Amino acid sequence: MSRARSPRQLFLLRILAVGLATVLGVGPLMAAELKLDLRLIWCTDEKLPPDKHKEVEPATVEKFRKVPFKWKYYYEINRVTGTVPSRGTKAFKMSAKCTIEITEMAGPKVEAKLIGEGRPVVKATKNLTPGEWTTIGGDDKDGAGWFVLITELGEK
Amino acid sequence: MKAEQELELQAYLDGELSERAARRVADWMAKDPEARTLAAELRMTKAALAGNDPELAVPETRDFYWSTIRRAIESLVPAEPNPDLGWLLAWRRYLVPLSSLALVAILAVGIARFSGITGSRDPWMNLTEVESLSDHITSHSFRSRSENVFVVWISPQDQVQEETPATEEEDDIVIQ
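The structure reproduced in this document is the subject of the present report. Keep in mind that what you see is a predicted model, and the values were worked out from it rather than measured. Every chain begins its residue count from 1, and numbering advances along the sequence as written. All chains are assigned letters beginning with A, and all ligands numbers beginning with 1, in the order in which they are written. Totals for whole chains, interfaces and linings use every residue, but because this is a predicted model, local features are given only for residues with pLDDT of at least 70 and side-chain atom pairs only at 80 or more, for both listing and counting. Hydrogens and water molecules were not included; the side-chain quantities draw on all heavy atoms of the structure.

1. Examining the pattern of salt bridges
- Criterion for a salt bridge: a side-chain nitrogen of Lys or Arg within 4 Å of a carboxyl oxygen of Asp or Glu. Per the counting criterion, the structure on display carries 16 salt bridges over all chains.
- The salt bridge involving Arg79 of chain A is made with Asp37 of chain A; its shortest N-O contact spans 2.6 Å. With Arg79 of chain A in strand S3 (residues 73-84) and Asp37 of chain A in strand S1 (residues 34-44), the pair connects residues that are 42 residues apart, well separated along the chain.
- The classification of residues rests on relative accessible area computed with a 1.4 Å probe and restricted to protein chains. Under 20% of the type maximum is buried, over 50% is exposed, and intermediate values are partly exposed. The class for Asp37 of chain A is buried, based on a relative accessible area of 3%.
- Taking the shortest distance from any N to any O, the salt bridge between Glu74 of chain B and Arg70 of chain B comes out at 3.8 Å. Counting from the N terminus, the helices are the DSSP runs of H or I reaching at least four residues and the strands are the DSSP runs of E reaching at least two.

So this is what it looks like as structure tokens:
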């Protein structure tokens, strides 16, 4: 035989139910589109003519040096912004040879795939950490280097 | 005669009826001899009792007698709660709802941490998987905690074999 519950018990049960529903329901609702900023950056120790190449702003360069990247100069070759749909994929063409494919996954996780000259090169799957910058790059000839800097728009 | 009528008649004799009810009973008595007989008996009984109430004398003085009763009553009344513990008793009623809210809060924090809602800086947030998709490429990855930058660096396979083995670094290697 079931025992009748007092109004106070019913009130507490309602609070518990609403709390649990809120907590359990927030996770799936967190899936959201990603607004990304991608910059293809070339780094070298040689100073290039300023009219031909756009220098990366000093604050960002300072951050690169603390990572630590040890090149003296950083130039922005291309910059692309775009939105990756929730649980979807978007390709960002950074140059004729370089494309970055971003997938928004459950978790929330992000998969970044570097495609060079049409062929997949490397894939990184990581948890989405607020404020974190992600770079995918490599060495170039004559001691120079390049990388794609991926940041989430609206975060610092 | 009904019992209600007898009681009403007794109330009439005791002067407990309203004016209107008293007139009604008086009319009834005037018409009903049985009622009159009963009224006479009741009056006689009342008079007999009034003149023969027993006189009871208290052995102690009046003040002592009542103070004895007062002390007996006070000994039956439970003692006042300790004022130092009063706040505990007052809060006891809130213990159940507070513990329920605490349970919900603990669940919320726990689930939020494991589902990554809060964005807290716990180590599990930085789990990363880097996979080389080309046979000619090897990748290094590391994370600069101080700058909050995650780096994936690719190198040609032959170059890596000559220089350094393929490893996954955690922090603070120099890229050049």
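2. Some remarks on the sheet that holds strand S8 (residues 133-139) of chain A
- Pairing between two strands requires that DSSP report at least two bridges joining them. Strand order in the open sheet formed by seven strands is S2(A)-S3(A)-S1(A)-S9(A)-S8(A)-S3(B)-S2(B), with mixed pairing between adjacent strands. A single partner strand is all that each edge strand has here, and the edge strands are strand S2 (54-55) of chain A together with strand S2 (137-144) of chain B.
- In terms of strand pairing, S8 of chain A meets strand S3 (residues 149-156) of chain B through six bridges, oriented parallel. Considered in S3 of chain B, the bridge of Thr134 of chain A is made with Phe150 of chain B.

3. Description of the pairing of strand S4 (residues 89-93) of chain A
All names here are of chain A.
- Where S4 lies against strand S5 (residues 98-105), five bridges are found, and the strand directions are antiparallel. Counted as the bridge partner of Lys93 is Thr99 from S5.
- Two successive antiparallel strands, S4 and S5, enclose a turn made up of four residues.

4. So, the packing of aromatic side chains
- Think of it this way: a Phe, Tyr or Trp ring, Trp meaning its six-membered ring, pairs with another when their centres are within 6.5 Å, and the plane angle makes it stacked under 30 degrees, edge-to-face over 60, tilted otherwise. Scanning the model with the defined rule gives ten aromatic pairs over all chains in all.
- Measuring from centroid to centroid gives 6.3 Å for Phe64 of chain A and Trp133 of chain A, while their planes differ by 70°, and the two rings are edge-to-face. Taken together, the positions of Phe64 of chain A in helix H2 (residues 58-66) and Trp133 of chain A in strand S8 put the pair 69 residues apart, joining distant regions of the chain. Here Phe64 of chain A matches Trp133 of chain A in class, with each residue buried.
- Both rings, one in Phe64 of chain A and one in Phe147 of chain A, keep their centres 5.0 Å apart while their planes meet at 85°; by these two values the pair is edge-to-face. Of this pair, Phe64 of chain A sits in helix H2 while Phe147 of chain A is found in strand S9 (residues 145-152), placing the two residues 83 residues apart along the sequence. Per residue, the accessibility class of Phe64 of chain A equals that of Phe147 of chain A, and both read buried.
- Joined through ring pairs, the aromatic side chains of Phe64, Phe69, Trp71, Tyr74, Trp133 and Phe147 of chain A together with Trp153 of chain B make up one cluster.
- Geometrically, a lysine NZ or arginine CZ counts as sitting over a ring once it is within 6 Å of the ring centre and also within 35 degrees of the ring normal. Across the ring face of Phe92 of chain A, the terminal group of Lys90 of chain A is positioned such that the distance to the ring centre comes to 5.7 Å.
- The aromatic ring of Phe150 of chain B is capped on one face by Lys126 of chain A, whose charged end is 5.4 Å from the ring centroid.

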